[in-house]
Amino acid sequence: QVQLVESGGGLVQPGGSLRLSCTVSASIFSINYMGWYRQAPGKQRELVAGRTSGGTTNYADSVKGRFIIFGDNAKNTVYLQMNSLNPADSALYYCTGVRARETYWGQGNQVAVSS
């Protein structure tokens, strides 16, 4: 069983930045893929950014150039650095990890972008 614990959400003004953290109860080397999803009220959950254990990354078009996903292997933590935030980025953000065809989810972290 893999546990994912998130932190770092909150309220930020448009144009601001936030960094989300996802700490894994296992080595992130053992996690084939880690990603961040988000879900806004009344909308489907969508993939924001993902990262393979080899470091290959992918991003939703809406966040390219603004968000960065990266990992700290020593801390078993994956981060989502979010810059130039706008109200459309407001959502509940979930960390996810895939290992041996099993998918694990964090508890969700609220991000609100508002003036």
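Structure first, text after, so check above.
This is a predicted model, so every value here is computed, not measured.

Participant: I'm lost on the packing of aromatic side chains in this one. Help?
Facilitator: The geometry of an aromatic ring pair is captured by two quantities: the separation of the ring centres and the angle between the planes. By the definition in use, this model includes three aromatic pairs. Judged by centre distance (6.3 Å) and plane angle (90°), the ring pair of Tyr94 and Trp105 falls under edge-to-face. Taken as a pair, Tyr94 in strand 9 (residues 91-99) and Trp105 in strand 10 (residues 102-105) lie far apart in primary sequence, 11 residues in all. Given a relative accessible area of 13%, Tyr94 falls into the buried group. Note on Trp105: relative accessible area 38%, which makes it partly exposed. Among the aromatic side chains, those forming a connected cluster through ring pairs are Tyr37, Tyr94 and Trp105. When the ring centre of Tyr79 is taken as reference, the NZ or CZ atom of Arg19 above it lies at 5.8 Å. We note Arg45 situated over the ring of Trp105; from NZ or CZ to the ring centre the distance is 4.7 Å.

Participant: I tried to follow the pairing of strand 5 (residues 46-52) on my own but got confused; where do I start?
Facilitator: Where a strand is regular, its side chains alternate between the two sheet faces. Taken together, the six bridges between strand 4 (residues 33-39) and strand 5 define a ladder with antiparallel strand orientation. Its bridge partner being in strand 5, Gly35 is matched across the sheet by Gly50. In this structure, the hairpin formed by strand 4 and strand 5 is closed by a connection of six residues, where Gly42 is found at a positive phi of approximately 80°. Pairing between strand 5 and strand 6 (residues 57-59): three bridges, direction antiparallel. In the sheet register, Gly50 faces strand 6, and the bridge partner there is Asn58. Between the end of strand 5 and the start of strand 6, which pair antiparallel, lie four residues, with Gly55 showing a positive phi angle near 100°.

Participant: What is the right way to look at unusual backbone geometry in this model?
Facilitator: Excluding glycine, most residues fall at negative phi; most peptide bonds, likewise, are trans. Even without being glycine, Asn76 reaches a positive phi, approximately 50°. Residue placement: Asn76 occurs in the loop between strand 7 (67-72) and strand 8 (77-82). Notably, Ala100 is not glycine yet its phi reads approximately 50°, a positive angle. Tracing the backbone shows Ala100 in the loop between strand 9 and strand 10.

Participant: Quick question: what am I supposed to make of the sheet that holds strand 1 (residues 4-7) here?
Facilitator: Sheet strands pair via backbone hydrogen bonds, and the direction of the pair is either parallel or antiparallel. Overall, antiparallel pairing links the four strands, which are arranged 1-3-8-7 in an open sheet. The open sheet has two free edges, formed respectively by strand 1 and strand 7, since each of these has just one partner strand. The average undirected angle you get between the axes of adjacent strands in this sheet is 20°. Sheet topology places strand 1 next to strand 3 (residues 18-24); four bridges connect them, and they run antiparallel. Bridged to Leu4 within strand 3 is Val24.

Cut-off values and rules
- Residues numbered from 1 in each chain as written.
- Predicted model: local features only at pLDDT ≥ 70, side-chain atom pairs only at ≥ 80, totals over all residues.
- Heavy atoms only, no water.
- Phe/Tyr/Trp six-rings, centres within 6.5 Å; stacked < 30°, edge-to-face > 60°.
- Helix = DSSP H or I, 4+ residues; strand = E, 2+ residues; numbered from the N terminus.
- Buried < 20%, exposed > 50% of the residue type's maximum accessible area, 1.4 Å probe, protein only.
- Lys NZ or Arg CZ within 6 Å of the ring centre and 35° of its normal.
- Pairing = 2+ DSSP bridges.
- Axes fitted to C-alpha atoms, helices over the stretch in contact; angles between N-to-C directions.

Spatial relationships are all this shows, so hold off on functional conclusions.
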